[in-house]
Number of protein chains: 2
Amino acid sequence: MKRVVIVGAGNVATHLGRALQNKNFVVSQIFSRTENSATQLASDLRVPFTTNLQSLDREADIYFYCVKDAVLCDVINKIDIPDALHVHTAGSLPLSIFESHLQYRRYGVFYPLQTFSKTRKVNFDEIPIFVEGNSSEVEEEIRQIAQTLSKRVFSSDSEQRKKIHLSAVFACNFVNHLFSIAEELVKTAGYSFDILLPLITETVNKLNELSPYDAQTGPAVRNDQNIIRQHLSLLENKPEFSEIYSVLSESIYRMYKKDIQTRE
Amino acid sequence: MKRVVIVGAGNVATHLGRALQNKNFVVSQIFSRTENSATQLASDLRVPFTTNLQSLDREADIYFYCVKDAVLCDVINKIDIPDALHVHTAGSLPLSIFESHLQYRRYGVFYPLQTFSKTRKVNFDEIPIFVEGNSSEVEEEIRQIAQTLSKRVFSSDSEQRKKIHLSAVFACNFVNHLFSIAEELVKTAGYSFDILLPLITETVNKLNELSPYDAQTGPAVRNDQNIIRQHLSLLENKPEFSEIYSVLSESIYRMYKKDIQTRE
């Protein structure tokens, strides 16, 4: 049984910790600089925690870094355990952030492509995990850990991973922001966000059968200028929403223009 | 049992026709100017069709107009059956498009808030339907039809409906376009769109517990300028995607700025 220290106590740390315990990894310690989060996750997983790097468990086999991108380098540089395997979980940061630690021989990346919230259960089994190692042996080692947790494990280098992360910003963060805007608009009509849920669910369920390209509907793909003008006039007092409306409608029109012309 | 003529043979006509038949309405005829669609839907519903307005069944109780916005007025003006109930299904068009028909006494709107594709089954029961009538009696009549089909029926006037339709463009059409962009980006990294599906599903499932405002994550809400710059440089050769990235990131930042400042 592998012994694991989890560095971080946020959403990724929480879900990864649970998933590792479910697969009989021994989480020996949680480290977090924030006592509150450390206490909470440690009590959730029933393991010790520390907020002091001096008290870090130095006997673990694997150190998983699940901290914010902005502090990751700093934390890595302060930990000095040469013989263990060191793995970060950040989509947008390269493998090379470990390079400054010249004495580290085994390090890599384990990037689970999912949006984690503490309050939600997720099925780790289905989450695509992208792995990279500083040698093929190390990558294989990380791959095996990932395969214990998920059916969908892929190799990816740092450049590929950045693009995956970027596409996730479009497919998750930006999509969610459009839901926020839709909520604001539907409230101005006197209804609650709930009325949009069946539409949103079907928009996503369609993707099991159709590519998003083929699933596109609406005024922009039909180039229905009457409706587009009407919508823009409804947004007159919301210049930032009307800018988003214009930019996205233009982009849809451009993406399908060739096909529309072919059809005509 | 009410006798219904469906004017149109597209996606809305198809799903509405099936739903009405399931609830024992008699669909007596399909009218469409496009013979192909008319034939297909008529054979699907096992009812007669016509492509000629002169042969329209004049004995129906209800005429449902499920045609494109651009041709709706024209079709309405060519049909002249004063005693029936006339109902259109367009979110963005007002009740008043029936007004030119001075002899019509009973007309209204029945707007199902859903994205329909012919190949997909939808559960009409859950679809919010927004009804409006030219008098309270007529609206009640339309409401009762809607309640036969769905548990979620709301009154809405034409101004409210326009806003609902606008919010649906954000929550469905624009969201789907972001999925198309994400697909294009993830392919440049060498992966298929499938790898994004668990993330997309969870983004939507979260909405059952959290408002989209509370569910927001990602670099823009954290105002993580390092990642934002990195992403924009990945999009250097895709100016239209980088414009969308900037506009949405800016809008997210503005929406949460107050909260970020409060937290600091």
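Residues numbered from 1 in each chain as written. Chains lettered and ligands numbered in written order. Predicted model: local features only at pLDDT ≥ 70, side-chain atom pairs only at ≥ 80, totals over all residues.

J.: Which parts of the structure should I look at to understand the overall build of chain A?
T.: Across its full length, chain A carries nine helices and eight strands. Dimensions of chain A, computed from the C-alpha atoms along their principal axes, are close to 70 × 40 × 30 Å. Counting only contacts in chain A whose residues sit at least 6 apart along the sequence, the fraction spanning at least 24 positions is 50%. (Helix = DSSP H or I, 4+ residues; strand = E, 2+ residues; numbered from the N terminus. Contact = placed C-beta atoms within 7 Å.)

J.: When you look at the packing of helix 5 (residues 158-188) of chain A against helix 9 (residues 225-234) of chain B in this model, what are you seeing that I'm missing?
T.: Think of two packed helices as two axes; the pair is described by the angle between the axes and how far apart they sit. For the pair helix 5 of chain A and helix 9 of chain B, the least separation of the axes is 10 Å and the interaxial angle reads 100 degrees. One finds that helix 5 of chain A runs roughly perpendicular with respect to helix 9 of chain B. Contact residues: Lys162, Lys163, Leu166 and Val169 of chain A in helix 5 of chain A; Gln230, His231 and Leu234 of chain B in helix 9 of chain B. Per-class residue counts for the contact of helix 5 of chain A with helix 9 of chain B are three nonpolar, two polar and two charged. (Axes fitted to C-alpha atoms, helices over the stretch in contact; angles between N-to-C directions. Parallel < 35°, antiparallel > 145°, perpendicular 65-115°, else oblique. Nonpolar A, V, L, I, M, F, W, Y, C, P; charged D, E, K, R; others polar.)

J.: Is there a simple way to explain helix 8 (residues 225-234) of chain A in this structure?
T.: Each full turn of the α-helix corresponds to 3.6 residues, which orients residues three or four apart in the same direction. Residues and elements named next belong to chain A. Of the positions making up helix 8, those classed as buried are Ile227, Ile228, His231 and Leu234. Relative to the axis of helix 8, the buried residues are bounded by an arc of 120 degrees and lie together on one face. Exposed residues pointing more than 90 degrees away from the buried face of helix 8 are listed as Gln225, Asn226, Arg229 and Ser233. (Buried ≥ 20, exposed ≤ 12 C-beta atoms within 10 Å, placed from the backbone. Arc of directions from axis to C-beta.)

J.: Sorry, what's going on with the sheet that holds strand 2 (residues 26-31) of chain A here?
T.: Strands pair in a sheet through their backbones, by hydrogen bonds, and they do so in one of two ways: parallel or antiparallel. Residue and element names in this part refer to chain A. Spatially, eight strands are ordered 3-2-1-4-5-6-7-8 in an open sheet, and the strand pairing comes out mixed. Taken across any chain shown, the strands that pair with only one partner, and hence form the sheet edges, are strand 3 (49-50) and strand 8 (153-155). Bridging between strand 1 (residues 3-7) and strand 4 (residues 62-65) involves four bridges; their strand directions are parallel. What sits directly across from Val4, in strand 4, is Ile62. Running over the sheet, helix 4 (residues 136-149) touches strand 5 (85-88), strand 6 (107-112), strand 7 (129-133) and strand 8 and is turned about 160 degrees from strand 7. (Pairing = 2+ DSSP bridges.)

J.: How do you make sense of the nonpolar core when you look at a structure like this?
T.: Burial of nonpolar side chains together is a common tendency in soluble globular proteins. One finds Ala171 of chain A together with Ala171 of chain B to be the most contacted residues of the largest nonpolar core, which totals 157 residues. Ignoring anything within four residues of it in the chain, the contact list for Ala171 of chain B reads Leu178, Phe179, Ala182, Leu196, Leu199 and Ile200 of chain A. (Core = buried A, V, L, I, M, F, W, Y, C linked by C-beta atoms within 7 Å.)

J.: How should the packing of helix 5 of chain A against helix 6 (residues 197-205) of chain B be read in this particular structure?
T.: Contact geometry for helix 5 of chain A and helix 6 of chain B: axes closest at 10 Å, N-to-C directions at 10 degrees. By the criterion of interaxial angle, the relationship of helix 5 of chain A to helix 6 of chain B is roughly parallel. Contact with helix 5 of chain A, carried on its side by Ala168, Ala171, Cys172, Val175 and Asn176 of chain A, involves Leu199, Ile200 and Thr203 of chain B of helix 6 of chain B and no other residues of that element. A breakdown of the residues in the contact of helix 5 of chain A with helix 6 of chain B according to their chemical character gives six nonpolar, two polar and no charged.

J.: Help me understand the domain arrangement of chain A, please; the structure alone is not making it clear to me.
T.: Many descriptions give the size of an interface as the accessible area lost when the pieces come together. Residues and elements named next belong to chain A. Partitioning chain A into domains gives domain 1 (3-156) and domain 2 (162-263). On a C-alpha basis, the centroid separation for the pair domain 1 and domain 2 is 36 Å. Each partner contributes to the interface: domain 1 provides six residues, whereas domain 2 provides five residues. (Domains from an automatic or database assignment.)

J.: Explanation requested: the relation of the copies chain B and chain A in the structure shown.
T.: Superposing the two chain copies requires a rotation about an axis and a translation along that axis. With an RMSD of 0.0 Å, the fit of chain B onto chain A corresponds to turning through 180 degrees and sliding 0.0 Å along the axis. These values place the two chain copies in the arrangement generated by a two-fold rotation axis. Proximity to the rotation axis, assessed at the C-alpha, singles out Val175 of chain B in chain B; its C-alpha lies 2.7 Å from the axis. Same-surface contact between copies: 100% of interface residues of chain B are shared with the interface of chain A. (Least-squares fit on C-alpha atoms with pLDDT ≥ 70 in both.)

J.: Help me out: how do you make sense of the interface of chain B and chain A in this one?
T.: On the side of chain A, 79 residues touch chain B, which itself brings 79 residues to the contact. Take the side of chain B that touches chain A: its biggest share by element is 25 residues, from helix 5 (residues 158-188) of chain B. By residue class, the composition of the side of chain B that touches chain A is 44 nonpolar, 22 polar and 13 charged.

J.: I'm lost on the environment of Leu235 of chain B in this one. Help?
T.: All names here are of chain B. Of note, Leu235 is situated in the loop between helix 9 and helix 10 (239-263). For the pair Leu235 and Gln114, spaced 121 residues apart in sequence, the C-alpha separation works out to 33 Å. Those residues in contact with Leu235 that lie beyond four places of it in its chain are Phe241, Ser242 and Tyr245.

J.: Could you clarify how one ought to interpret the pairing of strand 4 of chain A in this entry?
T.: Across a regular strand the side chains alternate sides, sitting on one face of the sheet and then on the other. Residue and element names in this part refer to chain A. Neither face of strand 4 is exposed, since Ile62 and Phe64 on one face and Tyr63 and Tyr65 on the opposite face are all buried. Bridge count for strand 4 against strand 5 is four bridges, and the pairing is parallel. Residue pairing for strand 5: Ile62 is matched across the bridge by Leu85. In the classification by handedness, the crossover that spans strand 4, the intervening helix 3 (residues 69-78) and the parallel strand 5 is right-handed. (Right-handed = clockwise from strand over helix to strand, strands pointing away.)

J.: Just to check I follow, could you spell out the sheet that holds strand 1 (residues 3-7) of chain B for this structure?
T.: All names here are of chain B. Ordered in space as 3-2-1-4-5-6-7-8, the eight strands form an open sheet in which the pairing is mixed. The open sheet is flanked by strand 3 (49-50) and strand 8 (153-155), the only strands paired with a single partner. Bridge analysis of strand 6 (residues 107-112) against strand 7 (residues 129-133) gives five bridges, and the strand direction is antiparallel. Counterpart to Val109 in the pairing with strand 7 is Glu132. Across the face of the sheet, helix 1 (residues 11-22) comes into contact with strand 1, strand 2 (26-31) and strand 4 (62-65) while running at roughly 170 degrees to strand 1. Packed on one face of the sheet, helix 2 (residues 35-45) meets strand 2 and strand 3 and runs near 165 degrees to strand 2.

J.: Looking at this model, I keep getting lost on the pairing of strand 1 of chain B. Mind explaining?
T.: Burial analysis of strand 1 of chain B places four of its five residues in the buried class, which makes it a mostly covered element. Note that the unit made of strand 1 of chain B, helix 1 of chain B and strand 2 of chain B has a crossover that is right-handed.

J.: Help me understand unusual backbone geometry, please; the structure alone is not making it clear to me.
T.: Look at Arg46 of chain A: it is not a glycine, yet its phi comes out positive at around 55 degrees. The class of Arg46 of chain A is exposed, set by 8 C-beta atoms lying within 10 Å.

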